[in-house]
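Residues per chain are reported as follows:
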Amino acid sequence: MADPVFLGQFEQLVLTAILALDGNAYGVPIHAKVEELSRPKKVARGAVYATLDRLEDKRLIASWMSEPTPERGGRSRRHYRLEKSGERALREAATAARRLYETIAEGGLAWKPSR
């Protein structure tokens, strides 16, 4: 089995956004989803693009250019998808977060998740 990949919180947000967008993951919707997930914090669009590049360098995601679209004046979009390694890293991060939450709750510091 491959060594675990440790993800930062922002990397987790970006991977989760790609997962949630399911086939419609390109820059603008990814940024919007990351902002939704990190609410009330604002997120710079450049931070999302830098993280997408870093995740692609780590081979956790893959990207491709779409065909030009007439409604965007013939411009292509760079689409992203999770690779198996990205799915595995995100699953491991979620498992660790669940263990943290359970341990904190057992220690008497329970809270209601904010929406």
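Note: the structure precedes this text.
Residues numbered from 1 in each chain as written. Predicted model: local features only at pLDDT ≥ 70, side-chain atom pairs only at ≥ 80, totals over all residues. Heavy atoms only, no water.

A. Spotlight on the overall build of the protein. The secondary structure content of the protein amounts to four helices and two strands. Beginning at the N terminus, the succession of helices and strands in the protein can be written as α-α-α-β-β-α. Projected onto the principal axes, the alpha-carbon positions of the protein cover approximately 55 × 35 × 20 Å. For the protein, the proportion of its 115 residues judged to be buried stands at 30%. A separation threshold of at least 6 residues defines the contact pool for the protein, and within that pool the share at least 24 residues apart is 48%. Side-chain charges in the protein split into 20 positive and 15 negative, and the spacing between the mean points of these groups amounts to 4 Å. (Helix = DSSP H or I, 4+ residues; strand = E, 2+ residues; numbered from the N terminus. Buried < 20%, exposed > 50% of the residue type's maximum accessible area, 1.4 Å probe, protein only. Contact = heavy atoms within 4.5 Å. Lys, Arg positive; Asp, Glu negative; His and termini not counted. Charge placed at Lys NZ, Arg CZ, Asp CG, Glu CD.)

B. View of the side chain of His-79. Following the sequence through the fold, His-79 ends up in strand E2 (residues 78–82). Discounting chain neighbours no more than four positions away, the residues touching His-79 are Gly-23, Ala-25, Tyr-26, Ala-62, Ser-63, Trp-64 and Ser-66.

C. Structural view of the packing of helix H2 (residues 27–37) against helix H3 (residues 45–57). With their axes 10 Å apart at the nearest point, H2 and H3 run at an angle of 110 degrees to one another. By the criterion of interaxial angle, the relationship of H2 to H3 is roughly perpendicular. Together, Gly-27, Val-28, Ile-30, His-31 and Val-34 of H2 and Arg-45, Val-48, Tyr-49 and Leu-52 of H3 make up the contact between the two elements. Among the residues forming the contact of H2 with H3, the class breakdown is six nonpolar, two polar and one charged. (Axes fitted to C-alpha atoms, helices over the stretch in contact; angles between N-to-C directions. Parallel < 35°, antiparallel > 145°, perpendicular 65-115°, else oblique. Nonpolar A, V, L, I, M, F, W, Y, C, P; charged D, E, K, R; others polar.)

D. Expanded view of the packing of helix H1 (residues 9–21) against helix H4 (residues 84–106). Taken N-terminus to C-terminus, the directions of H1 and H4 make an angle of 120 degrees; their axes are 10 Å apart at the nearest point. As judged from the angle between their axes, H1 and H4 are oblique. The two elements H1 and H4 meet at a crossing, and its hand is left-handed. Contact residues: Gln-12, Leu-15, Thr-16 and Leu-19 in H1; Gly-86, Leu-90 and Ala-93 in H4. Residues that form the contact of H1 with H4 fall into these classes: four nonpolar, three polar and no charged. (Left-handed = near helix turned anticlockwise from the far one by under 90°.)

Nothing here speaks to function; it is geometry throughout.
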